[in-house]
Amino acid sequence: MDVVVSVALGLVLAAAAGLRVFVPIFGAGLAAHLGYVSLSDSFAWISGFPALIAFGTATVVEILAFYIPWVDHALDAIATPAAVGAGILASASVIVDLPPALRWGIAIIGGGGIAATVQALTVGARIKSTTLTGGFANSLVATFEAVGAVGLVVLAIALPLVALACVVALCVVIYRTVGRLTWRRRAPVGARKP
């Protein structure tokens, strides 16, 4: 059961990386430092003070930067590949008691994949927010992403299996919401009035 829990924890941390790159790595390091999470041996450095200071600072800077108009779109271009890397790193760091090949396979395919999916959905939401409101609602999207990332990390540490179910439900809701705004049905060509 510990393996299932650590995989669920890793996948949820990866999903949080799709919302904010540094939040899950900082959260995992802090939780490990406080004794709530076990890290795989090669990632013990994440719970050290230098890493916590670096990831904590990067977390604050990243969250604040998404509130600056138009910078949020520039950060999305950088954050997309970074989210995949952070998702892989975050999931690999907490998946314990598995052979390295299996751990890295889950981290790369599962962690990287879910981080990319969540990141793509949030980028779509930000684009729609900019299109529909001229960027005025982007701060709401940024707040949702930051709160979502922190909430997912906390929930993942407390209840990893419940958190994984929430991630799946959240992805479905975001996909349907963004999809509804993006792919509206158009009237057939023959049905248009002259």
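Everything that follows concerns the structure shown earlier in this document.
Overview of the structure. (Residues numbered from 1 in each chain as written. Predicted model: local features only at pLDDT ≥ 70, side-chain atom pairs only at ≥ 80, totals over all residues. Heavy atoms only, no water.)

Side note on the environment of Y36
Line of reasoning, step 1. By secondary structure assignment, the location of Y36 is in the loop between α2 (23-33) and α3 (49-65).
Line of reasoning, step 2. C-alpha separation for the pair Y36 and A54, spaced 18 residues apart in sequence, amounts to 20 Å.
Line of reasoning, step 3. With sequence-adjacent residues up to four places away left out, Y36 is seen in contact with A31 and I157. (Helix = DSSP H or I, 4+ residues; strand = E, 2+ residues; numbered from the N terminus. Contact = heavy atoms within 4.5 Å.)

A few points about α2
Line of reasoning, step 1. Of all 11 residues making up α2, 8 are buried, and the element is well covered by its neighbours.
Line of reasoning, step 2. When we look at burial in α2, the residues that qualify are V23, P24, I25, G27, A28, G29, A31 and A32.
Line of reasoning, step 3. Buried residues in α2 make contact with α1 (2-19), α3, α4 (71-94) and α6 (138-158).
Line of reasoning, step 4. Immediately beyond the C-terminal end of α2, within one or two residues, lies G35, with a positive phi of roughly 90°. (Buried < 20%, exposed > 50% of the residue type's maximum accessible area, 1.4 Å probe, protein only.)

Structural notes on the packing of aromatic side chains
Line of reasoning, step 1. Here the structure, examined in full by the defined rule, presents 3 aromatic pairs.
Line of reasoning, step 2. A centroid spacing of 5.9 Å and a plane angle of 45° characterise the contact between F43 and W104, whose relative ring orientation is tilted. Placement of F43 in the loop between α2 and α3 and of W104 in helix α5 (residues 100-133) is noted, with a sequence separation of 61 residues between them.
Line of reasoning, step 3. Look at W104 and you get partly exposed, because its relative accessible area is 33%. (Phe/Tyr/Trp six-rings, centres within 6.5 Å; stacked < 30°, edge-to-face > 60°.)

A closer look at the pattern of salt bridges
Line of reasoning, step 1. A complete count under the given rule lists 2 salt bridges for this structure.
Line of reasoning, step 2. Among the ionic pairs, E145 bridges to R20, the shortest N-O distance being 2.9 Å. On the criterion of sequence distance, the pair formed by E145 in helix α6 and R20 in the loop between α1 and α2 is long-range, its members being 125 residues apart. The burial state of E145 is the same as that of R20; both residues are buried.
Line of reasoning, step 3. E145 is the salt-bridge partner of R126, the closest N and O atoms lying 2.6 Å from each other. Note that R126 is positioned in helix α5 and E145 in helix α6, a separation of 19 residues in sequence. Pair check on accessibility: R126 and E145 agree, each one buried.
Line of reasoning, step 4. Through salt bridges with shared partners, one network takes in R20, R126 and E145. (Salt bridge = Lys/Arg side-chain N within 4 Å of Asp/Glu carboxyl O.)

Some words on the environment of P81
Line of reasoning, step 1. For P81, the location among the structural elements is in helix α4.
Line of reasoning, step 2. The sequence separation of P81 and A115 amounts to 34 residues, and the corresponding C-alpha distance is 9.5 Å.

Here's the deal with α4
Line of reasoning, step 1. In this model α4 runs 32 Å from its N-terminal to its C-terminal C-alpha over 24 residues, within 8% of the 34 Å that 1.5 Å per residue would give.
Line of reasoning, step 2. At A79, α4 shows its largest bend, some 40°, and a proline, P81, comes one to four positions later.
Line of reasoning, step 3. Packing partners of the buried residues in α4 comprise α1, α2, α3, α5 and α6. (Expected span 1.5 Å × (residues − 1). Bend = angle between axes of the 7 residues up to and from the residue.)

Concerning the packing of α1 against α6
Line of reasoning, step 1. Contact geometry for α1 and α6: axes closest at 8 Å, N-to-C directions at 170°. Taken together, the axis directions place α1 and α6 in an arrangement best described as roughly antiparallel. Of the residues in α6, those in contact with L9, V12, L13, A15, A16 and L19 of α1 are E145, G148, A149, L152, V153, A156 and I157. (Axes fitted to C-alpha atoms, helices over the stretch in contact; angles between N-to-C directions. Parallel < 35°, antiparallel > 145°, perpendicular 65-115°, else oblique.)

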